[in-house]
Each structure stands twice: as C-alpha cells, then as structure tokens.
Amino acid sequence: MNQIPLAVPHMSGNEQKYIQQAFDTNWIAPLGPNVDQFEANLATYTGAKDVAVTNSGTSAIHLALTLLNVQNGDTVFCSTFTFIASINPALYLGAKPVFIDSEMDTWGMSPIALAKALKDAAAKNKLPKAIIVVHLYGQSCKMDEIMALANRYSIPVIEDAAESLGSTYKGRQLGTIGTFGIYSFNGNKIITTSGGGALVSNDAKQIEKARYLASQAKEAAPYYSHSEVGFNYRLSNVLAGIGIAQLDVLDERIAKKRAIFDAYETTFKNNAALTFLSEWQETFNNRWLTTVLLEDILPEKIIEKLAEKGIESRRLWKPMHTQELFQDATYYSENKEGSNADILFQKGICLPSGTQMTHTQIALVCQVLGQICK
Ligand SMILES: *Cc1c(COP(=O)(O)O)cnc(C)c1O
C-alpha cells in the first residue's frame, strides 16, 4: 500500500448534491439536466463554441475521427509519445497510424519531424486525414508551428488534451485551437467523473453531429430511424453531476498542482541529476503530474527506492512506435541520430502530484529523492 500515491481523485464535497438531484428527478440516463449543465459549463470555461460530453476521452477521439471521415486504409498522424488511447480509435476505423517524434522543449509533437512526414506523405499522394497532437502532462505543444504545417496541407488537427484541461497556449485553452479537442475525466485526471470525456469544437454543427453519433445515430422521427453507424458514447447524467462539481474546483486543483511542482523544482533547482519539464514560453501548464528527467540513474531504480518508503512514482509513456502493436507503423524522429521520445521514456518519471498531498508528504518525497540523487 502506497502511503503517498501518484495522484488520486479529489472530490470537492458538492458532487453528492448533483447526484442527489439526478436521483430526485429520476434522470438516471445518458442524458438529462446535469449533462446539459456540464456541457454548458465546459464551454464557458474553455471558450469553445460547443461541447459534447462522452463516456470517455477515448470515445471523444473516436467521434472526432469519425466526423473527419477517417476510413479504412486512411492514414492518421499521431505523437508517438503518448498513452495508447490517443491512437486506438484510429485502429477501430481501420486507419494506419504514422508516429511523430517529440521535441525536447515541450515533449510535444516535433514540428521538424511533422514537416518531414507531411512532405513525404504529399510526395506519395498519401496525406493523412487527421493529425492528433497530444498535450502531455499539462504542457502545450508548439501550436503555432504545428497549425502552420497542418494548414499548409489542409489537414485537420485533433488536440488530445486529456491531461491538460485548464492549460493554455498564448492565452487560449488547450483543445480549442485545432478542429477538435478532447478531454478526459478518468479517475487519474486533474478532475474526474470516475470515467468520462468531452469533445469540443468551435464548429457547433460538428458537435451537434457528435451528439447524434454518440446516441446510436438516432434520427429525429416518430419511430426508430437510422441511416448511418452510431455509437453509445454519451455521459451518464449521474456522472455529469460529479463533473459539474469538479469543474467548479478545477482552478483550485491547478493552483495546488502548480504549488506541488514549484516545491519539487525549488528543492532540486541546483541538482544537475534532475531536470523538470519546463513551462514553455507563452504557455500555462496545469501541472497534472510533475515529471522529471534523470541523469545517470535508471528510472526503475528510483521508482523502487521511493516505493520502499511508500511513495508511488511511474515511468513516462512508452512511445507508440516501440510497442509490439505498432511494429509495422512508420515513425518520423526529429533527427537521424536518435529519437527524442525514446530518450524521454528512458530517463523520465512522474512524481506524486495528488492535490491532497500535505507539506510533510511533499517534503518526505523531496528528502528521499534527494538521498538517491545526491
Ligand atoms: C487518459 C488519456 C486518454 C484517454 O482518456 P479516457 O477517458 O481514459 O478514455 C487519452 N489520451 C491521453 C494522453 C490520456 O492521458
């Protein structure tokens, strides 16, 4: 049993009120007033034109790819350095992923590698139907560079902001810059509905279509009428109640996450063995998890030593191009000599970042980590 977990759900105390309302009014269904309210509040918070809440972040990505008409045999570009949920929906549609390396400033998709991949694809007349960029660990990718490339080839961008709700790029909420953005409310994310997600866009018509596709593509008719494939992807009205109360405390959670990051960074600012993911210029990072690269010491070693003291830590995402599932996929690294995403995987760990951490707990993690990385 870990005394200090990586991060666990942190309820505000108001969730039960909305759950009770759902019970009192018998809206125990994947629709209802909490769903409408949660969508409206998310639109207000993010500034997106419209929002459809879903039963997971993964289903939101599946809807986005479906709306972009991704089909069997199509290509989808995706960051290699991510959680597999970013790309699984492309496989559901029979599309082929092409993986793109990270750059080292933000750990996000490398515009250099993306430019190479797009140039090759254009030469082969096989441009991707979509580019999925992932804002990992709360940190925005270099969106101006990525959007300029995407626009040059007229490729729509899906922002996987599952880990980055509340983070910004040049003042804009992540998820609202590309054609679509997605968030996740899984139990490990900065706010949670136990399981859930959201699809956002500035094209309200597309979100309306997403709601329809997510409800078995049931057409407006006095009987059950269908002309295309649909899904059962809407968020439960009970869980949306949790989401309303969670969104109300998102800014508080971000402030605490950032304070935890600052405590770690301040403690180790003169320790050359530890390099924290920096907040790139003109971005604001929600600091979902504090992540750090280690010099001259293996992640497993640190993870083991921390675990001996009841402290949980984790490796960073294992790049998709190194997964057996994707052994045949094409990969574009930023430079010929090596792959940045592999370096990040080999060197990085996530430190405990739960918003219920006490000062004493943060100090204990720092003390143990300091002893290992002297
Ligand atoms: C959590 C996560 C998802 C998927 O979200 P679910 O709600 O669990 O389906 C997608 N992408 C990234 C990068 C994530 O961390």
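As annotated in an unreviewed UniProt entry, the protein chain carries the name Pyridoxal phosphate-dependent aminotransferase and comes from Listeria newyorkensis. Its UniProt record, at the heading Sequence similarities (unreviewed entry), says of the protein chain: "Belongs to the DegT/DnrJ/EryC1 family."

### As for helix H7 (residues 204-213)
Along an α-helix, residues three or four positions apart point the same way, because every turn accommodates 3.6 residues. By the burial criterion, the buried members of H7 are Ile207, Ala210, Arg211, Tyr212 and Leu213. Two or three places before Lys205, at the opening of H7, Asp203 has a side-chain oxygen 3.2 Å from that residue's backbone nitrogen.

### Considerations on the site of the ligand
As a matter of local geometry, the ligand sits amid 15 residues, with Thr58, Asp160, Glu163, Ser184 and Lys189 nearest to it. Take Gly57: an N or O atom from its main chain is 2.7 Å from an oxygen atom of the ligand. Separating a nitrogen atom of the ligand from a side-chain N or O atom of Asp160 is a distance of 2.7 Å. Here the ligand loses 95% of its free accessible area of 380 Å² to cover by the protein chains. Considered class by class, the residues forming the shell around the ligand number 4 nonpolar, 8 polar and 3 charged.

### Focus on the nonpolar core
Residues Phe38, Phe77, Ile100, Leu114, Ile131 and Tyr137 are the most contacted members of the largest nonpolar core, which totals 60 residues. Those residues in contact with Ile100 that sit more than four places away from it in its chain are Phe77, Cys78, Ser79, Thr80, Met109, Ser110, Ala113, Leu114, Ala117, Tyr331 and Tyr332. Leu65, Ala95, Tyr233 and Met320 belong to the second-largest nonpolar core, a separate cluster that totals 33 residues.

### Topic: unusual backbone geometry
Although it is not a glycine, Ser154 sits at a positive phi angle of roughly 55 degrees. Position of Ser154 relative to the elements: it lies in the loop between helix H6 (143-152) and strand E5 (157-160). A relative accessible area of 62% means that Ser154 is categorised as exposed. Positioned with a positive phi, Ala217 is a non-glycine residue whose angle comes to about 50 degrees. Here Ala217 is to be found in the loop between H7 and helix H8 (237-248).

### With respect to the sheet that holds strand E1 (residues 50-54)
Pairing is mixed across the open sheet formed by 8 strands, whose spatial order is E1-E9-E8-E5-E4-E2-E3-E14. Only two strands of the sheet have a single neighbouring strand rather than two, namely E1 and strand E14 (330-332). Going across the sheet, the axis of each strand differs from the next one's by a mean of 20 degrees, ignoring polarity. Where E1 and strand E9 (residues 197-201) come together, 5 bridges link them in antiparallel fashion. If you follow Val51 over to E9, its bridge partner there is Val200.

Conventions adopted
- Sequence positions are assigned chain by chain, starting from 1 and proceeding in written order.
- Local features in this predicted model are restricted to residues whose pLDDT is 70 or higher, and side-chain atom pairs enter the listing and the counts only when it is 80 or higher, whereas totals over whole chains, interfaces and linings include all residues.
- The side-chain quantities take in all heavy atoms of the structure and omit both hydrogens and water.
- UniProt positions are given in the numbering used here, feature names are shortened, and annotations may be inferred rather than shown by experiment.
- Burial status follows relative accessibility: with a 1.4 Å probe on protein chains alone, a residue under 20% of its type maximum counts as buried, one over 50% as exposed, and anything between as partly exposed.
- Here a helix means four or more residues in a row that DSSP labels H or I, a strand means two or more in a row labelled E, and each is numbered from the N terminus.
- A 3.5 Å cut-off defines polar contacts: any pair of N or O atoms within that distance qualifies, except that in protein one atom must be a possible hydrogen donor and the other a possible acceptor, and neighbouring residues in sequence count only when both atoms are side-chain atoms.
- Whether a residue is near a molecule or strand depends on its heavy atoms: it is near if one of them lies within 4 Å of it.
- In these tables, accessible area is a Shrake-Rupley quantity obtained with a 1.4 Å probe, and a residue counts as shielded only by the protein chains included in the view.
- In this classification, the charged set is Asp, Glu, Lys and Arg, the nonpolar set is Ala, Val, Leu, Ile, Met, Phe, Trp, Tyr, Cys and Pro, and all remaining amino acids, among them Gly, are polar.
- The nonpolar core is taken to be a set of buried Ala, Val, Leu, Ile, Met, Phe, Trp, Tyr and Cys residues, with the residues joined through side-chain atoms within 4.5 Å.
- Residue contacts are defined here by distance: any two heavy atoms, one from each residue, within 4.5 Å place the two residues in contact.
- At least two DSSP bridges between two strands are required for those strands to pair.
- Axes here mean lines fitted to C-alpha atoms, for a helix over just the part in contact, with angles spanning 0 to 180 degrees between N-to-C directions.

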